Amino acid sequence: MPTLRRRVAAVTAVLALSVTAGGTGTSAFADGGLHPGKSPTATGYGGAVSSVDADASAAALEVLRHGGNAADAAVAAAATLGVTEPYSAGIGGGGYFVFYDAGTGKVQTIDGRETAPERMPANAFINAATKKPYPFAELVSSGVSVGVPGSLATWERALTRWGTLGLDEALKPAIKVAEDGFVVDETFRQQTLDNKVRFSAFTPTRNLFLPGGDAPAVGSVFRNPDLADTYRLIARKGTDAFYSGALAEEMAATVQAPPKDPAWAPPASAPGTSIPAFPGYLTTADLAAYTTLDQDPTHVEYRGYDVYGMAPSSSGGTTVGEALNILEPFNLGGMSRPAALHHYLEATALAFADRGKYVGDPAFVDVPTAALTDPLFGKERSCAINPATAAAKPVPAGDVSTYDGVCPVTPALAAHETDTENLSTTNLTVADKWGNVVEYTLTIEQTGGSGIVVPGRGFLLNNELTDFSYDSTNPADPNRVEPGKRPRSSMSPTIILKDDEPFLALGSPGGSTIITTVLQTILNRVDLGMSVSDSIAAPRASQRNTASVTAEPGFISAYGIGLAPFGHKLVPAGDAFTSAAEIGAATAIEFGRNGRMEAAAEPARRGGGSAMVVKPER
Ligand code: GLU
């Protein structure tokens, strides 16, 4: 797909000011100008950022250049992504924020996951007439899928805990982009078209994202003055203006009575489309009660690196960590490429079996995080890998109650894996000149979230609750629906240290493929010796304990023949909701000697990402 750059008059103006104010006269950008051109790699010093979007990266860079730290810059970039990537992220959603503090040498995290409303019944997804779950296509565009949003509370918590700016300052670049607009590119138009049918069913969504009844044209300027006003309100009054007061009342009312156009009927292009727009359960009390959680990260050691990830309610840290422990006994770098990939695919199937069996919100479920990330447990699980043949899938879960690193003789337990996640979300990586690092994944779940814009407020509400298991009648399922619970996530923001110093920070969108994308990128870099940019660019495959392996076309053509003797069945990626056969859209920063930073984003996926550094290497 051709890529058009998003050039934003607003950001350009801010940057022009900054160059004068900064007095250096030196451009921060590869093209030597003031425009935030979209380059997927940047190497240099003094701070770096990588995201999917040039405006968001420019917002972070602007903050860094003015003396803000990585937490400040990450919040500025995230708020800007709420404008330019409104179908993937924003104040209507949630996410996980991981921070390496150069002062203490510690990695800490914030769980800003959406939460099920207190009045949500356990059978909320079940059709009373059929006793079966409603189809995802009906649940997604509804109030019932909307969880209490956590992003804004995350931004505030990150700034309070680690930042130097107030929320008002951190929101400034995003307000400018929302007010002045950004130039629509192919990706934005295509994502709008992918959502056109359901967006057209909700009046405020249609009015905002389908002006004149169509997706905005490539090259046109898209403005969101309602969102600019919402951000301004929050900048003036703080997060209370979101979690209480008029806006909270409007969000609750919108969820309880989704603003579906009564005259809407499926278009001729999509006959039979059913959008019941079920009412949801969100109340003002849920919003008032929302809190982020300060969490310790997960930690595993892998080939001398310390790998820190996101603990439950995300399954990212435990599943990436367990897979690394499973792979530790094998010399992947010394194998043929197909053999190394075979081990990668088998390891993730095993780790996904355990994720399905054991991981849910730890406030509701006793999650064995320590066992799942224990090298002895991983070693024992690695016994299940046959170096020559793929196991029949699904593989059963391991037994965390008894393990000793020796190949087990006890029968394994049944897995409870249902994959209900989809392929939206966005990710960003930021580092500052002091050595602080942020890895932040944020989402509204499906591309386009619930499809419901809060009238007059300029943002979409999430559909994160569809990350719960739909059939919630199984009491053994750790991810069943429960009121007040956080649905299990796959988001895997990861920070890796070597000798107590940052080595690599990375993350990706992509639903449950996030876990395999982050893992595959680590293996590419650490075991297979690729550069960080090549590690991201390399074709991907994802084995999530299913009969076939989801793979990008580039992976199938490169490794399909080599993997066939192992018995892996590769099928092209892509689903009914997206037109792209891609897996993930990663961002990363690698840290070298003397403060050198190599920021890397996607060269092609999602139209290509944007890496920038404060002082480019010459
Ligand atoms: N809802 C997913 C999760 O929390 C992320 C969605 C996506 O990346 O597309 O894991």
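As the structure is a prediction and not an experimental result, all values here were calculated from the model.

Draft legend 1. How the structure looks around the overall build of the protein. When helices and strands are tallied, the protein shows 21 helices and 20 strands. Its C-alpha atoms give the protein a radius of gyration of 23 Å, near enough to 25 Å, the size a compact globule of 618 residues would have. In terms of overall dimensions, the protein has a C-alpha envelope of 65 × 65 × 45 Å along the principal axes. A total of 618 residues make up the protein; the buried ones form 62% of that total. When the accessible surface of the protein is split by element, carbon and sulfur atoms take 54% of a total near 20,800 Å².

Draft legend 2. Quick peek at the pairing of strand β14 (residues 501–507). Most of β14 is tucked away: six of the seven residues are buried. Taken together, strand β13 (residues 494–498) and the strand that follows it, β14, pair antiparallel across an intervening segment of two residues, in which Asp499 is found at a positive phi of about 50°. For β14 and strand β18 (residues 587–591), the ladder comprises four bridges, and the chain directions are antiparallel. When the bridges of β18 are listed, Gly507 appears paired with Thr587.

Draft legend 3. Fine view of helix α13 (residues 245–256). Across its 12 residues, α13 extends 17 Å between first and last C-alpha, which sits within 8% of the 16 Å expected from 1.5 Å per residue. Buried residues of α13: Leu247, Ala248, Met251, Ala252, Thr254 and Val255, and no others. Projection of α13 onto a plane perpendicular to its axis shows the buried side chains occupying an angular sector of 160°, all on one side.

Draft legend 4. Representation of the pattern of salt bridges within the structure. Scanning the entire structure with this criterion turns up 25 salt bridges. Linking Arg606 and Glu85 is a salt bridge whose minimum nitrogen-to-oxygen distance equals 3.9 Å. Of this pair, Arg606 sits in the loop between β19 (597–601) and β20 (610–616) while Glu85 sits in the loop between α3 (70–84) and β2 (94–101), and the two are 521 residues apart along the sequence. Here the two residues Arg606 and Glu85 agree in accessibility, since each one is buried. In this structure, Arg540 and Glu602 form a salt bridge, with 2.9 Å as the shortest nitrogen-oxygen distance. A residue pair is termed long-range when its members are at least 10 positions apart, and Arg540 in the loop between α20 (532–537) and β15 (541–542) and Glu602 in the loop between β19 and β20 qualify at 62 residues. Each member of the pair, Arg540 together with Glu602, is buried.

Draft legend 5. View of the state of the cysteines. Here the structure, examined in full by the defined rule, presents one disulfide. Each sulfur of the disulfide joining Cys383 and Cys407 lies 2.2 Å from the other. Disulfide Cys383-Cys407: torsion about the S-S bond near -90°, hence left-handed. Residue Cys383 is located in the loop between α18 (375–382) and β11 (426–432), and its partner Cys407 is located in the loop between α18 and β11; the two are separated by 24 residues in the primary sequence.

Draft legend 6. Spotlight on unusual backbone geometry. Between Lys393 and the following residue, Pro394, the backbone shows a cis peptide bond with an omega angle of 0°. Mapped onto the fold, Pro394 is located in the loop between α18 and β11. Of note, the phi angle at Asn545 is positive, near 65°, even though the residue is not glycine.

Draft legend 7. Representation of the packing of helix α16 (residues 337–358) against helix α21 (residues 553–563). Running from N to C, α16 and α21 point in directions that differ by 95°, and their axes come no closer than 9 Å. Considering their axes alone, α16 and α21 lie roughly perpendicular with respect to each other. Facing α16, whose interface residues are Arg337, Pro338, Leu341, His342 and Leu345, α21 presents Phe555, Tyr559, Gly562 and Leu563. When its residues are assigned to classes, the contact of α16 with α21 shows six nonpolar, two polar and one charged.

Draft legend 8. Structural context of the nonpolar core. Counting 80 residues, the largest nonpolar core has Phe97, Trp155 and Tyr231 as the members making the most contacts within it. It is α3 that contributes the most residues to this core, 11 residues altogether. In contact with Phe97, not counting residues within four places along its chain, are Ala71, Ala74, Val75, Gln108, Thr109, Ile110, Thr154, Ala158, Trp162, Val438, Glu439 and Tyr440.

Draft legend 9. Broad picture of the environment of Pro133. Along the polypeptide, Pro133 turns up in strand β5 (residues 132–133). What makes Pro133 partly exposed here is its relative accessible area of 33%. When the C-alpha positions of Pro133 and Ala573 are compared, they lie 25 Å apart, and in sequence the two are 440 residues distant. Not counting residues up to four positions away in its chain, the partners in contact with Pro133 are Phe125, Ile126, Asn127, Tyr470 and Asp471.

Draft legend 10. A look at the pairing of strand β10 (residues 305–309). Counting buried residues along β10, five of its five residues qualify, which places the element largely inside the surrounding structure. With five bridges joining them, strand β9 (residues 298–302) and β10 adopt antiparallel strand pairing. Its bridge partner lying in β10, Thr298 is registered against Gly309. Hairpin connection of β9 to β10: two residues between the antiparallel strands, including Arg303 at a positive phi of 50°.

Draft legend 11. Region of interest: the sheet that holds strand β17 (residues 570–572). Read from one edge to the other, the open sheet built from three strands follows the order β15-β16-β17, with strand pairing classed as mixed. The sheet is open, and its two borders are formed by β15 and β17, each paired with just one other strand. By the bridge criterion, three bridges tie strand β16 (residues 549–551) to β17 in an arrangement that is parallel. When the bridges of β17 are listed, Thr550 appears paired with Val571.

Draft legend 12. Focus on the confidence of the model for the protein. The share of residues in the protein with pLDDT of 70 or more is 91%, and the mean pLDDT across the chain is 91. Here residues 1–35 is modelled with pLDDT under 50, and outside its nearest four sequence neighbours on either side it reaches 65 contacts, counting other chains as well.

Draft legend 13. Expanded view of the packing of aromatic side chains. Applying the stated rule across the entire model yields 20 aromatic pairs. Seen in terms of ring centroids, Phe136 and Tyr470 are 6.4 Å apart; in terms of plane orientation they differ by 5°. Their pairing is stacked. Of this pair, Phe136 sits in helix α4 (residues 136–140) while Tyr470 is found in the loop between β12 (437–443) and β13, placing the two residues 334 residues apart along the sequence. Judged by its relative accessible area of 14%, Phe136 falls in the buried class. Tyr470 gets classed as buried once you look at its relative accessible area, which sits at 13%. Ring centres of Phe188 and Phe222 lie 5.3 Å apart, and the angle between their planes is 55°; on these two criteria the pair is classed as tilted. On the criterion of sequence distance, the pair formed by Phe188 in helix α8 (residues 186–194) and Phe222 in strand β7 (residues 221–222) is long-range, its members being 34 residues apart.

Draft legend 14. Structural context of the packing of α16 against helix α19 (residues 513–526). At a minimum axis separation of 11 Å, α16 and α19 run at an interaxial angle of 145°. Every pair of crossing elements has a handedness; the one defined by α16 and α19 is right-handed. Contacts between α16 and α19 pair Leu341, Tyr344, Thr348, Phe352 and Arg355 from the former with Ile515, Thr516, Leu519, Gln520 and Leu523 from the latter. Looking at the contact of α16 with α19 residue by residue, the classes come out as six nonpolar, three polar and one charged.

Calculation criteria
Residues numbered from 1 in each chain as written. Predicted model: local features only at pLDDT ≥ 70, side-chain atom pairs only at ≥ 80, totals over all residues. Heavy atoms only, no water. Helix = DSSP H or I, 4+ residues; strand = E, 2+ residues; numbered from the N terminus. Rg over C-alpha atoms; globule rule 2.2 N^0.38 Å. Buried < 20%, exposed > 50% of the residue type's maximum accessible area, 1.4 Å probe, protein only. Areas by Shrake-Rupley, 256 points an atom, 1.4 Å probe, with all protein chains shown as cover. Pairing = 2+ DSSP bridges. Expected span 1.5 Å × (residues − 1). Arc of directions from axis to C-beta. Salt bridge = Lys/Arg side-chain N within 4 Å of Asp/Glu carboxyl O. Disulfide = S-S within 2.5 Å. Axes fitted to C-alpha atoms, helices over the stretch in contact; angles between N-to-C directions. Parallel < 35°, antiparallel > 145°, perpendicular 65-115°, else oblique. Contact = heavy atoms within 4.5 Å. Nonpolar A, V, L, I, M, F, W, Y, C, P; charged D, E, K, R; others polar. Core = buried A, V, L, I, M, F, W, Y, C linked by side-chain atoms within 4.5 Å. pLDDT = per-residue confidence, 0-100. Phe/Tyr/Trp six-rings, centres within 6.5 Å; stacked < 30°, edge-to-face > 60°. Left-handed = near helix turned anticlockwise from the far one by under 90°.

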